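What follows is each chain in one-letter form.
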Amino acid sequence: MTNTILRALLSYWWRSPLQLFTFLMGLALATGLWSGVQAINSEARASYDAAAATLGEGQFDQLVPRVGDRIPQSVYVDLRRAGWLASPILDVTFKGVRFVGIDPLTTPTQMSSSSDSGFSLEDTDLIFGNAEVASVLEGFVEVTIDKSIPPGIAIADIGVVQRLFKRNDLSRLMVLPEQPIRRPDLVKIAPELVVQPSQQIADVAALTDSFHLNLTAFGFLSFAVGLFIVHSTIGLAFEQRRGMIRTLRSLGVPLSNLLSLIIVEMGLLVFVGAVLGILMGYTIAAMLLPDVAATVEGLYGARVSGTLSLRPEWWLSGIGLAFLGAGMALAVRIWQIMQMPLLSAVQPRAWAIASAKRIRGIAILGMILLGFSGLLALIGTGLGQAFALIGFLLIGSALVLPWLTIKLLDFAPGKGVITSWFWADTRQQMPGLSLALIALLLAVSANIGVSTMVSSFRVTFVSFLDQRLAPELFVRVEEEKTASALEKYLLERELEVLPLLTVERPVVGQPAKLYGVRVGRTYRESWQFLGADPDVWDQVSKGEAVIVNEQLARRNNLWVSDEVDIAPGLNIPIAAVVGDYGNPQGQVVMGELLFRKLYPNAVATSFGIRTTDTANLRKAIQADLEVPDSGIINQASIKSMSLEVFERTFAVTAALNILTLGVAGFAMLMSLLTLAGMRTPQLAPLWALGLTRTWLGVLELARALGLSIIVFICAVPLGLALAWALLNFVNVEAFGWQLPMFFFPADYAFLGGLAILATLIAAAWPAIQMVRKPPATLLKVFSNER
Amino acid sequence: MLLELKDITKSFSGVDGEVEVLRGVSLGLDAGETLALTGESGSGKSTILHISAGLEVPDGGSLHLEGVEINGLGEAERANLRRSEVGIVFQQFNLIPSLTVEANIGFQASLAGRRDKTFESELVEELGLSDQLKQYPESLSGGQQQRVAIARALAVRPKLLLADEPTGNLDESTASAVLTAMLDLVGRTGAALMVVTHSAALAEKMDRRVRLKGGVLL
Ligand SMILES: Nc1ncnc2c1ncn2[C@@H]1O[C@H](COP(=O)(O)OP(=O)(O)OP(=O)(O)O)[C@@H](O)[C@H]1O
Ligand SMILES: [Mg+2]
């Protein structure tokens, strides 16, 4: 019996392969989008975790030099003799690979001999790295491939790295967690070193959180849209087999057998769809990952592996999503079958006829949620509340949409019999269509919101680059001697020279960069401030005040005329706050004189030069001062590099945008197909009364067009509200900066066009079905009660 | 007695309140016996048939099939009985659209676990369906679909055969061939047959005739 029933159930798919295709595609799309985004997220996180685990970054206190980045070996020996337990590390960057030399005997990280990771550095001269690193270094050194090593890093015994780069010093010392009770103060043994507490070492995972937040938001959006799709897909399959299920039961198939076989059947199909989705997600992620890796590296300097591995956390969660969504939809359908009388064909559309009352009730709930989000906008603080605001905004609008659409349809034009039938019929279909319309609304408004945010960011960022990169040429030199020679050389030619002095030091308890600048025409003319005293540059050049970047100010709740500590015991007022994008760290800018007084050892090794003749000056500096070509950078090339990082962020966002829109279009298709199947009995009389099938098909298209226009009209304000919330709340909380909002009407129009196109494509299928429907099918409506 | 209905009542809720369709119907049918059930449209003939098959639950009265009280049985047991003992030809045929004619004919028999291909081909021959075996129900005429439904019910070799206007869509000569096939099977297997019909000619061929009017049998 089982075989017979199963064969009958499966014969449906065999007879309607297109239905099978859409079923699997619906599931695959939902799973794919979700797992793709998860894959990217988990790959990046795995990279950071590997970095933290193998390198101990962020876990242990470290000793670093006050000035420069080198510690003589003798200092280390002194410290050990005095009782300090520390492990030496030498970092050298070569060809974009960071060589990390460690001492396997003393290191507190997982690379000690008792390590459970795959390799050990003890008694070996081997250099370890992942496959990418190995291929970069091919021809330079031989790298033993080990997958557990974080991307962009080569690890070896410290002696090996010292020999390789002809060095005899160290970069930093890792302080072991257990220290003798009595040990002398650091100042007494090694005054040139400072302790960098573990939390203060910028935790890459935390820094990049904001980026992942974006991705996760996309993930949830696709999850929601995915659930809609799975729900409608399964709904369609059941709607169309209602008659068969009834027949099976009347021929003597017990309900319990039928239900368990339906569950088995659906389980098999969902599994196949989910696996297809995982493959799709893998492809999406593999395509986007290089861009994501470049973005994260460009913005935050964190390395993410460019190749994707199949990690259980994302593919399992993808399959989980598919089964969760399917389980929910299936539960509803199974309950319906259990309620369904064996015989009567009464009202197959019962579920679609929800009363206007219910739609109104849901709309009221939606308005309450919108009220909450408005309230949060007024009084909320914190990232959690920013997200709650966005959540209420989106869900509230989604709930209001069906009711609003019905209301808007009242304004629809036309008085004729057919037109008024058409609009009345459209209103009547709202309950069946509302899920799809909501999916479309969410996708379009998320697109408008996110692209407004990213584009606003871009506009601001470009003007920011123009301010910050005013000098036409940047020269970087290695040695102090060359530096002073260069400065003299340039001054003799009466060029404006902008030396850049910098040290890293905690400010208000957080890692920050301090800059010393030579105040002159360039700074006065090009910098724009978010808030400033009238005579900022005068105060700064006299050393009476400093300028801080927005991140530092917002994070610590500081603004103009508040004070910051820029050296031990020295607090100084803020004269201005400057926007600083694409960098998570705090910055303090002070006059050159003050800086030299506070940090006399610091040397300017980087210079900005104002010139009208970059090409010749570049050649002259190379020839006269023997500065290598790689040390001189044109402003234009920095700009284009920065913009490229940005374009990559853009590419990722654009790709996700298109995907969500495609998924929403698919949700629309599923709903329209479901409705089309149920509507033959309603359309047949119209056909019999003289409307041609082509006409009926055209009317279906017109309906889809009208509805998508209404949805788009609702999506624009929602999207802008979303962008506003992202720019004013989420960005400030996550990145530390607030961006001005710009409008991009052309982009919105384009998006609207895409959304309408997607709907029309979705509506085309049922419309064509209608046009091609054999008159016999329509006639059957009259000969059969069913 | 194979089938026994006693004082069956049944109402449906319509637009304007409850409509009492059956008001105490009693009916007995022995193995091998044939019965014609007639009555006006909407009088409740299909309802009696559905109740006899255990598809519909009566509001009152008792119903015995082979001495077993059907009303007391659970869903699964009733399905079990229907599957193996009862063959039904529905007024709306109820064929499975995604299965071929051949698979439809053998469907209930294989559910019941007693598929007999030789018997099936005899039926196909007698009912004139040989050319349609590989087709799907949607491409069949009403009369052809009706014959497929009859073949499906007969292929189970049921003890009780219930047919709802089995010749309603057929011309005279086909109708008489179909009837012959049904009576032939009933004769061979000792099954009982209850036919709902408007055709006096068909009713004439049955052992007994009852007429449903005003919710009771005359
Ligand atoms: N599931 C149901 N829900 C509501 N009313 C029903 C239902 N089934 C049957 N009825 C009503 O019960 C009455 C009898 O229906 P039934 O189908 O038994 O008539 P019939 O005698 O078979 O008619 P016909 O000769 O036209 O087939 C009709 O008035 C019908 O409307
Ligand atoms: Mg009837």
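Residues numbered from 1 in each chain as written. Chains lettered and ligands numbered in written order. Predicted model: local features only at pLDDT ≥ 70, side-chain atom pairs only at ≥ 80, totals over all residues. Heavy atoms only, no water.

Enquirer: Give me the lowdown on the overall build of chain B, citing residues and values where you can.
Expert: Secondary structure assignment for chain B yields 7 helices and 10 strands. For chain B, the proportion of its 218 residues judged to be buried stands at 57%. Sequence separation of at least 24 residues holds for 72% of the intrachain contacts in chain B that already meet a minimum separation of 6. For chain B, the exposed surface amounts to about 8900 Å²; the carbon and sulfur share of it is 47%. (Helix = DSSP H or I, 4+ residues; strand = E, 2+ residues; numbered from the N terminus. Buried < 20%, exposed > 50% of the residue type's maximum accessible area, 1.4 Å probe, protein only. Contact = heavy atoms within 4.5 Å. Areas by Shrake-Rupley, 256 points an atom, 1.4 Å probe, with all protein chains shown as cover.)

Enquirer: So what's going on with the overall build of chain A? Which residues, and what values?
Expert: A tally of regular secondary structure across chain A gives 23 helices and 20 strands. Residues classed as buried in chain A amount to 54% of the 786 residues present. For chain A, contacts bridging at least 24 residues in sequence account for 80% of all contacts bridging at least 6.

Enquirer: Go over the coordination of the magnesium ion (ligand 2), please, and point to the residues and values.
Expert: All names here are of chain B. The coordination sphere of the magnesium ion (ligand 2) contains the protein donors Ser-46 (OG) and Gln-91 (OE1), at a distance range of 2.0 to 2.3 Å. Residue Ser-46 is located in helix α1 (residues 45–52), and its partner Gln-91 is located in the loop between β6 (86–89) and α3 (101–111); the two are separated by 45 residues in the primary sequence. Exposure remark for Gln-91: the relative accessible area of 34% places this residue in the partly exposed category. (Donors = N, O, S within 2.8 Å, 3.2 Å for Na, K, Ca; no water.)

Enquirer: Residues and numbers for the sheet that holds strand β10 (residues 216–217) of chain B, please.
Expert: All names here are of chain B. With mixed pairing, the 6 strands of this open sheet are ordered in space as β6-β7-β8-β3-β9-β10. Lying at the two open borders of the sheet, with one neighbouring strand each, are β6 and β10. Both β6 and strand β7 (residues 160–164) contribute to a ladder of 4 bridges, which runs parallel. Its bridge partner being in β7, Val-86 is matched across the sheet by Leu-160. (Pairing = 2+ DSSP bridges.)

Enquirer: Could you give an account of the pairing of strand β12 (residues 496–507) of chain A, naming the residues involved and the relevant values?
Expert: Residues and elements named next belong to chain A. In this structure, β12 lies alongside strand β19 (residues 606–610), joined through 5 bridges in antiparallel fashion. Directly across from Pro-499, in β19, lies its bridge partner Phe-607. Inspection of the sheet shows β12 paired to strand β13 (residues 510–517) by 7 bridges, in the antiparallel sense. Directly across from Glu-504, in β13, lies its bridge partner Lys-513. The antiparallel pairing of β12 with β13 creates a hairpin that spans 2 residues between the two strands, and Val-508 there sits at a positive phi of about 50 degrees.

Enquirer: Talk me through the site of ligand 1; I want residue IDs and the actual numbers.
Expert: In the region of ligand 1, 14 residues are neighbours, and B:Ser41, B:Gly42, B:Lys45, B:Ser46 and B:Thr47 sit closest. The environment of ligand 1 is shared, with nearby residues belonging to chains A and B. A distance of 2.7 Å is found between an oxygen atom of ligand 1 and a side-chain nitrogen or oxygen belonging to B:Lys45. In this structure, B:Gln91 approaches ligand 1 through a side-chain N or O atom, which is 2.9 Å from an oxygen atom. Contact with the protein chains removes 65% of the 640 Å² of surface that ligand 1 exposes when unbound. At 3 residues, the largest contribution of residues to the shell around ligand 1 is made by α1(B). Among the residues making up the shell around ligand 1, the classes are represented as 2 nonpolar, 9 polar and 3 charged. (Near = heavy atom within 4 Å. Polar contact = N/O pair within 3.5 Å; in protein donor to acceptor, adjacent residues only side chain to side chain. Nonpolar A, V, L, I, M, F, W, Y, C, P; charged D, E, K, R; others polar.)

Enquirer: Pulling in residues and values, what's your account of the interface of chain B and chain A?
Expert: On the chain A side, the residues contacting the 26 residues of chain B number 24 residues. In this assembly, chain B packs against chain A so that about 2200 Å² is buried in total across both faces, 60% of it on carbon and sulfur atoms. Seen at the junction of chain B and chain A, the total is 2 salt bridges. In this structure, A:Arg15 engages B:Glu138 in a salt bridge whose closest nitrogen and oxygen atoms are separated by 3.1 Å. On inspection of chain B and its partner chain A, the count reaches 8 residue pairs in polar contact (both at pLDDT 80 or more). At 6 residues, helix α2 (residues 75–85) of chain B tops the list of elements feeding residues into the side of chain B that touches chain A. Residue composition of the side of chain B that touches chain A, by class: 12 nonpolar, 8 polar and 6 charged. (Buried area = accessible area lost by both parts, 1.4 Å probe. Salt bridge = Lys/Arg side-chain N within 4 Å of Asp/Glu carboxyl O.)

Enquirer: Pulling in residues and values, what's your account of the sheet that holds strand β2 (residues 17–29) of chain B?
Expert: All names here are of chain B. Ordered by their spatial adjacency, 4 strands build an open sheet running β2-β1-β4-β5, and the pairing between neighbours is antiparallel. The open sheet has two free edges, formed respectively by β2 and β5 (68–69), since each of these has just one partner strand. Those strands touched by α1 are β1 (3–14), β2 and β4 (60–65), and its axis lies near 125 degrees from that of β1. (Axes fitted to C-alpha atoms, helices over the stretch in contact; angles between N-to-C directions.)

Enquirer: Quick rundown of the packing of aromatic side chains? Include the residues and the values.
Expert: Applying the stated rule across the entire model yields 16 aromatic pairs over all chains. Ring centres of A:Trp724 and A:Phe729 lie 5.4 Å apart, and the angle between their planes is 80 degrees; this geometry places the pair in the edge-to-face category. Judged by its relative accessible area of 40%, A:Trp724 is partly exposed. Classification of A:Phe729 by relative accessible area gives buried; the value is 18%. Between the NZ or CZ atom of A:Arg15 and the centre of the ring of B:Tyr136, over which it lies, the distance is 3.4 Å. Of note, B:Arg157 hangs over the ring of B:Phe119, and the distance from its end group to the ring centre comes to 4.0 Å. (Phe/Tyr/Trp six-rings, centres within 6.5 Å; stacked < 30°, edge-to-face > 60°. Lys NZ or Arg CZ within 6 Å of the ring centre and 35° of its normal.)

Enquirer: Go over the packing of helix α13 (residues 417–468) of chain A against helix α22 (residues 745–772) of chain A, please, and point to the residues and values.
Expert: Residue and element names in this part refer to chain A. With their axes 11 Å apart at the nearest point, α13 and α22 run at an angle of 155 degrees to one another. In terms of orientation, α13 and α22 fall into the roughly antiparallel class. Considering how the two elements wind past one another, α13 and α22 form a crossing that is right-handed. For the pair formed by α13 and α22, the contact residues are Leu-440, Val-444, Asn-447, Ile-448, Ser-451, Thr-452 and Ser-455 on the first element and Asp-747, Tyr-748, Leu-751, Ala-755 and Thr-759 on the second. (Parallel < 35°, antiparallel > 145°, perpendicular 65-115°, else oblique. Left-handed = near helix turned anticlockwise from the far one by under 90°.)

Enquirer: Report on the side chain of B:Arg82, specifying residues and quantitative values.
Expert: Relative to the helices and strands, B:Arg82 is located in helix α2. No salt bridge is formed by the buried B:Arg82, whose closest oppositely charged neighbour, B:Glu75, lies at an N-O distance of 4.9 Å. Discounting residues that sit within four places of it in the chain, B:Arg82 has contacts with A:Arg249, A:Ser250, A:Gly252, A:Leu342, B:Ala53, B:Gly54, B:Leu55, B:Ile88 and B:Gln108. (Lys, Arg positive; Asp, Glu negative; His and termini not counted.)

Enquirer: Which residues make up the nonpolar core, and what are the values?
Expert: All names here are of chain A. Judged by nonpolar contacts, the single largest core of 123 residues is most densely connected at Phe-23, Ile-234, Leu-248 and Met-266. It is α13 that contributes the most residues to this core, 21 residues altogether. In this structure Met-266 touches Trp-13, Phe-23, Ile-234, Ala-237, Phe-238, Arg-241 and Leu-330, once residues within four positions along its chain are discounted. The next biggest cluster of nonpolar side chains, apart from the first, holds 41 residues, and it includes Val-546, Leu-594, Ile-621 and Val-627. (Core = buried A, V, L, I, M, F, W, Y, C linked by side-chain atoms within 4.5 Å.)

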